[in-house]
Amino acid sequence: MNTRISIVLLLLPLLGFAATGCQAQKYEASFSDLFDTYTTITGYTMSEDEFSDYAAVIYDTMLYYHQLFDIYHEYEGIVNLKTINDNAGGSPIVVSQDLFDFLQWAKEAYSITSGSVNVALGPVLRLWEDCRTKAESASIPDAASLSEALLHTHIDALILDPSTCTVCLSDPEASLDAGALAKGYAVEAAAKRARDAGFTSGVINAGGNVRCIGTPQVRHRNAFSIGIQNPDETAENPLFDTIQVSDLSIVTSGDYQRYFIVDGTRYHHILDPTTAMPADRFRSVTVIHADSKIADMLSTALFILPYEEGLSLANSYEAEVLWIFGDLTWEATEGYKAMSQTLTP
Amino acid sequence: MNNHRKFFKKTDLLLIGGLCVLALILLLVVTLSSPKGTTAQIYLHDVCVMTCDLSEDSIFQIDQAPEVTFQIQDGKIRFLSSDCPDQVCVRTGFISLAGQTAVCLPHRLVVRIISDSPSDLDVII
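All of these numbers come straight from a predicted model, not from anything done at the bench.

Residue and element names in this part refer to chain A. Inspection of the entire model under this criterion finds 18 aromatic pairs over all chains. Seen in terms of ring centroids, F31 and Y59 are 4.7 Å apart; in terms of plane orientation they differ by 90°. Their pairing is edge-to-face. Of this pair, F31 sits in strand β1 (residues 25-34) while Y59 sits in helix α2 (residues 48-69), and the two are 28 residues apart along the sequence. A relative accessible area of 6% places F31 in the buried class. Taking relative accessible area as the criterion, Y59 reaches 23% and is therefore assigned partly exposed. Here the aromatic rings of F260 and Y267 are separated by 6.0 Å at their centres, their planes lie at 40°, and the arrangement is tilted.

Printed below as a string of structure tokens:
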């Protein structure tokens, strides 16, 4: 009898080791060649091979959309946004169903956000892009050029015909830029495909577009911990807040890091389409929603729109939001506060 | 019979005691061998080219990208300077929390703070 107990006592640690061996392990992959951003994939899987399969599905999906949304490069056998832009003012061209679906979503996003997310903002974005990339002789686009460019950003110039799957830009000066919608759209598609392939626990982070899949398969944890960066780079604590989420997408739009300075003034990259100038109501806006493409659209829109208008838009999508103002005060939806670890009203 | 039972009790006690000592030794080994302080990895074109301990202050370049300078100070790391046009990497400033990254896309250079602790943040945005 006692001998048996001793054997069980001896076996218990072995059982413990066996149990640890069966637990999912954490793996990571990253790449910096898509969407002009750095993307990391974290996953909890039973083996490295399994993780690599999911990471490949995610990378391939994002590569596919990267090429579809590219406005600078052509790819063999692919009709992409560059093809459409180069053809502006010409006759309609046939596009793939995937690109057509995206452009339909882009037009929808325009009406949802009262024009603050405009896929046809290309002419204005190019003027700012040209200034931003000239590091030595920093200047901002002159007002006359911006006003002229704004004349060619009408969303109605983008004509979609679902019956023939054709697209046409009726204004020869018009051009498309998927910027404000591209990453969220691609990440959502990638997450869906990875999930269909069996990926049940992980996070994709494409430069601030975060998509959580399931919950972390680690003992004592039932949600992913996401740190929200402090927009004030000089602050002692680099984190403004930490939130606990599972199966949701979190997207932050901020005025820090991506900016350039002219005569002591910062000009960042999120433009208000009505003024063609950088939006300046907030330091950052974080949006939480189940769907990454909606979170991405809303984070840009809410960064541009006044707080009250943004709040009612967020409420209509049941999105949770954290707004950080210029003086680092903040507002948040009730649902956001419930996920927050540090912010108390 | 009585003696017999006592004998088993002694070995059981020895066994349990021995296991406890073993567990303590293992715990000490694991605790002492785990790295003190923070570690950063530098990636070039998505390949890790350097792992650095952040406990010693230094200013350095890597051979593959001599136009970029890194600085380690007080357990933190940053891009001190870079010849890239957007300067996003330099503006990111010092990073020190596991999950934090500083990225220079023009050079395809990434600095990441790494950690194996399950209590760390999954992502920082």
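Structure's up, so let's keep going.
On to the state of the cysteines, then. In this structure the tally under the stated criterion is zero disulfides over all chains. Take C168 of chain A: it sits in no disulfide, and the sulfur closest to it among the cysteines is that of C165 of chain A, at 14 Å. Note on C89 of chain B: no disulfide assigned, nearest cysteine sulfur contributed by C104 of chain B at a separation of 3.7 Å. Relative accessible area serves as the criterion here: at 0%, C89 of chain B is assigned to the buried category.

It is generally the case that most residues other than glycine have a negative phi and that most peptide bonds are trans. All names here are of chain A. One non-glycine residue with positive phi stands out, namely D36, at about 50°. Positive phi is not limited to glycine here, since C165 has a value of about 60°. Relative to the elements of secondary structure, C165 occurs in the loop between β4 (158-161) and β5 (166-169).

Bringing the side chain of T113 of chain A into the picture now. Residue and element names in this part refer to chain A. When you line up the elements, T113 lands in the loop between α4 (97-112) and α5 (122-133). T113 sits in the buried class, given a relative accessible area of 0%. Leaving out residues up to four positions away in the same chain, T113 has contacts with M297, A301, L305 and L313.

Next up on the list: the packing of helix α7 (residues 179-196) of chain A against helix α8 (residues 292-304) of chain A. Residues and elements named next belong to chain A. Running from N to C, α7 and α8 point in directions that differ by 160°, and their axes come no closer than 7 Å. By the angle between their directions, the pair α7 and α8 is classed as roughly antiparallel. Our pair here, α7 against α8, has a crossing hand that is right-handed. Here A180, L181, A182, K183, G184, Y185, V187 and E188 of α7 come into contact with α8, specifically with S292, K293, D296, M297 and T300.

All names here are of chain A. Here α4 spans 22 Å end to end across 16 residues, near enough to the 22 Å set by a 1.5 Å rise per residue. By the burial criterion, the buried members of α4 are L99, F100, F102, L103, W105, A106, A109 and I112. Of the residues one or two after α4, S114 is the one with positive phi, at around 50°.

What follows covers the sheet that holds strand β8 (residues 123-124) of chain B. The strand order β9(A)-β8(A)-β8(B) describes an open sheet built from three strands, whose pairing is mixed. Here the strands that pair on one side only, and so sit at the sheet edges, are β9 (239-245) of chain A together with β8 of chain B. In this sheet, β9 of chain A lies alongside strand β8 (residues 224-229) of chain A in antiparallel orientation, the contact comprising six bridges. Looking at β9 of chain A, one finds that Q229 of chain A is bridged to L239 of chain A.

Residues and elements named next belong to chain A. In the UniProt entry, the feature "binding site: Mg(2+)" (unreviewed entry) is given for A180, D296 and T300. The greatest C-alpha distance among the residues just named is 7.1 Å, despite their covering 121 residues of sequence, which places them together in space. By the secondary structure assignment, A180 is in helix α7. Of note, T300 is situated in helix α8.

Residue and element names in this part refer to chain A. The strand order β1-β2-β6-β7-β10-β15-β16-β17 describes an open sheet built from eight strands, whose pairing is antiparallel. Every interior strand has two partners, whereas the edge strands, β1 and β17 (330-332), have only one. Averaged over all pairs of adjacent strands, the angle between their axes in this sheet comes to 10°, without regard to strand direction. Examined bridge by bridge, strand β2 (residues 37-45) and strand β6 (residues 202-206) share five bridges and lie antiparallel to one another. Residue G43 lies in a different strand from β6, and its bridge partner there is G202. Contacts from α2 reach β1, β2 and β6 within the one sheet, and its direction differs from that of β1 by about 25°. Strands in contact with α8 are β7 (209-213), β10 (249-254), β15 (282-289) and β16 (320-325); relative to β15, the strand with the most contacts, it is inclined by about 155°.

Contact with chain B, which involves 27 residues of that partner, is made by 40 residues of chain A. Note on chain B versus chain A: buried area summed over both sides is about 3,100 Å², and carbon and sulfur give 58% of it. For chain B, the biggest contributors to the area lost against chain A are R91, D122 and I125 of chain B; these three give 27% of the whole. Summed over the shared surface of chain B and chain A, the number is two salt bridges. In this structure, the salt-bridge partner of R112 of chain B is E28 of chain A, at a minimum N-O distance of 3.1 Å. Summed over the shared surface of chain B and chain A, the number is ten residue pairs in polar contact (both at pLDDT 80 or more). Elements with a minimum of two residues in the side of chain B that touches chain A: α1 (2-33), α2 (88-91), β6 (101-104), β7 (109-114) and β8 of chain B. Per-element accounting of the side of chain B that touches chain A gives the leading share, six residues, to α1 of chain B. Two elements, β8 of chain A and β8 of chain B, share two bridges in a ladder whose sense is parallel. Within β8 of chain B, the position partnered with I226 of chain A by the bridge is V123 of chain B.

What counts and how
Residue numbers here run from 1 along each chain, matching the order of that chain's written sequence. Whichever chain is written first becomes A and whichever ligand is written first becomes 1, with later ones labelled in order. The predicted nature of this model means local features are confined to residues of pLDDT at least 70 and side-chain atom pairs, given and counted, to a pLDDT of 80 or more, with totals for whole chains, interfaces and linings taken over all residues. Hydrogens are left out, water is left out, and the side-chain values use all remaining heavy atoms of the structure. Between the rings of Phe, Tyr and Trp (Trp by its six-membered ring), a pair exists once the centres lie within 6.5 Å; its type follows the angle of the planes, with under 30 degrees stacked, over 60 edge-to-face, and the other angles tilted. Numbering of helices and strands runs from the N terminus, with a helix taken as a DSSP run of H or I at least four residues long and a strand as a DSSP run of E at least two residues long. Only protein chains enter the calculation, and the probe is 1.4 Å; a residue is then buried if its accessible area is under 20% of its type maximum, exposed if over 50%, and partly exposed in between. The criterion for a disulfide is a pair of cysteine sulfur atoms lying within 2.5 Å. Contacts were defined at the residue level, with two residues in contact if any of their heavy atoms lie within 4.5 Å. Each axis is a line fitted through C-alpha atoms, taken for helices only over the stretch in contact, and angles between the N-to-C directions span 0 to 180 degrees. Small angles under 35 degrees read as roughly parallel and large ones over 145 as roughly antiparallel, with 65 to 115 read as roughly perpendicular and the rest as oblique. Should the near helix be turned anticlockwise from the far one by less than a right angle, the crossing is termed left-handed; should it be turned clockwise, right-handed. Every helix has an expected span of 1.5 Å times one less than the residues it contains. Here the rule is simple: two strands pair whenever DSSP picks up at least two bridges between them. UniProt positions are given in the numbering used here, feature names are shortened, and annotations may be inferred rather than shown by experiment. Note: buried area is the sum, over both parts, of the accessible area (probe 1.4 Å) each one loses when the two are combined. In the sections that follow, a salt bridge refers to a side-chain nitrogen of Lys or Arg positioned within 4 Å of a carboxyl oxygen of Asp or Glu. We call two N or O atoms a polar contact when they sit within 3.5 Å, provided that within protein one can donate a hydrogen and the other can accept it, with sequence-adjacent residues counted only if both atoms are side-chain atoms.

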